[in-house]
Amino acid sequence: MELRHLEHFVAVAEERSFTRAAARVHLGQSALSVSIRALERELGSSLFDRSTHHVALTDAGHALLPEARTVLSAAEAARDAVAAVRGGVRGSVRVGIMHAMSMIDLAGLLTRYHREHPQVRIVPSAAQGGSVELVAQVLDGRLDLAFAALPHDYPPGLTAHHLVSEPMLLACPEDHPFAERERVDLTELDGEPFVDCPTGWGTRLSVDQIFRETGLRRVVAVEVADIPTVVELVRAGFGFAFLSRSLAIGSRGLTLRPVHPQPVFVTSLVTAANRRPSAAARALIALVRTAYPES
């Protein structure tokens, strides 16, 4: 068994396609197939169920995937250790980012990191599934770290460092009666229509949780994966929304009002608890935690 075989296997497993995996590892598709077959012979088991339009992991493939990622991470850590002795941090860091990160100066952090470690390649990655998907990708090794915002406890196997938090306010059109109020009671929103992001996003999770805890009903009338569109739909009267103040900066025709009780949006830095980060990832983690001490 060779590292390249495991690398090729992980690529196919993640891409669910030999064509996309071949492009990812810069191989011809036939050469990639030969590599996978060699690994299957070595292990004595088929790793993929193949069809014309679909590639899926077998039970053996599912069992191998986390172990293959662990081996590849260990190999990368070994290379990092040698590079550090030779006088520099090298490699790559896969960073999960949320669609809405107004409380974190991500550009400033990455610019500073690149200046300090120019030989490291930073690979940022967003996820349509929001914080839930980002957390899952850290857990299974597809990401080295991620910025996420789950309002509840993170799954076992992860470490979450709280970085910043901000109360979420009720957004309504500026001509709505609530716009004249100093504060709105959450019970007044029972059964009202809302515009919100998909279920895996941190903003949605925080609001869903507080409605669930208070036993109130919330109707998500429109669901969109884009904060500016949420703002526009609220202005147009499609429903209310909960937004942190930093997300609504510069939004005209919109009023933000405190609500009691109030949901809170907490951004955390998420890392794997049982997997040692590479030297490059450790340097970025240290930089983020220095810039945003744990609260």
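Please refer to the structure placed before this passage.
Here is a short report on the structure shown in this document. (Residues numbered from 1 in each chain as written. Predicted model: local features only at pLDDT ≥ 70, side-chain atom pairs only at ≥ 80, totals over all residues. Heavy atoms only, no water.)

**Things to note about the environment of Ala146**
Line of reasoning, step 1. In this structure, Ala146 sits in strand β5 (residues 145–148).
Line of reasoning, step 2. Residue classification places Ala146 among the buried positions, given a relative accessible area of 1%.
Line of reasoning, step 3. C-alpha of Ala146 to C-alpha of Ala272: the two residues are 126 residues apart in sequence and 9.8 Å apart in space.
Line of reasoning, step 4. Sequence-distant contacts of Ala146, defined by excluding residues within four places in its chain, comprise Gly96, Leu134, Val138, Ser268, Leu269 and Val270. (Helix = DSSP H or I, 4+ residues; strand = E, 2+ residues; numbered from the N terminus. Buried < 20%, exposed > 50% of the residue type's maximum accessible area, 1.4 Å probe, protein only. Contact = heavy atoms within 4.5 Å.)

**Structural notes on helix α3 (residues 29–43)**
Line of reasoning, step 1. The end-to-end C-alpha separation of α3 is 21 Å, in line with the 21 Å expected for 15 residues at 1.5 Å each.
Line of reasoning, step 2. Among all positions of α3, only Leu32, Ser33, Ser35, Ile36, Leu39 and Glu40 are buried. Looking straight down α3, one finds that the buried residues subtend no more than 160° of arc, so they occupy a single side. Counted as exposed and oriented over 90 degrees from the buried face of α3: Ser30, Arg41 and Glu42.
Line of reasoning, step 3. At the exit of α3 stands Gly44, carrying a positive phi of roughly 70°. (Expected span 1.5 Å × (residues − 1). Arc of directions from axis to C-beta.)

**Structural notes on the pattern of salt bridges**
Line of reasoning, step 1. For the structure on display, the rule yields 16 salt bridges.
Line of reasoning, step 2. The partner of Glu2 in a salt bridge is Arg4, with the nearest N and O atoms 2.7 Å apart.
Line of reasoning, step 3. Accessibility expressed as a relative area gives 38% for Glu2, which makes it partly exposed.
Line of reasoning, step 4. Of the residues examined, Arg4 reaches a relative accessible area of 42% and is grouped as partly exposed. (Salt bridge = Lys/Arg side-chain N within 4 Å of Asp/Glu carboxyl O.)

**Some remarks on the packing of aromatic side chains**
Line of reasoning, step 1. By the definition in use, this model includes 7 aromatic pairs.
Line of reasoning, step 2. Where Phe194 meets Phe240, the ring centres are 6.0 Å apart and the plane angle is 55°; that geometry is what we call tilted. Of this pair, Phe194 sits in strand β8 (residues 193–196) while Phe240 sits in the loop between α8 (227–235) and β10 (241–244), placing them 46 residues apart in sequence.
Line of reasoning, step 3. Under the relative-accessibility criterion, Phe194 is labelled buried at 0%.
Line of reasoning, step 4. Look at Phe211 and Phe242: their rings are 6.4 Å apart centre to centre, the planes differ by 75°, and that puts the pair in the edge-to-face class. Remark: Phe242 occurs in strand β10 and Phe211 occurs in helix α7 (residues 202–214); sequence separation between them is 31 residues.
Line of reasoning, step 5. Given a relative accessible area of 3%, Phe211 falls into the buried group.
Line of reasoning, step 6. Above the plane of the ring of Phe194 lies Arg218, whose end atom (NZ or CZ) is 5.1 Å from the centre.
Line of reasoning, step 7. Directly above the aromatic system of Phe211 lies the positively charged group of Arg218, at a separation of 5.7 Å from the ring centroid. (Phe/Tyr/Trp six-rings, centres within 6.5 Å; stacked < 30°, edge-to-face > 60°. Lys NZ or Arg CZ within 6 Å of the ring centre and 35° of its normal.)

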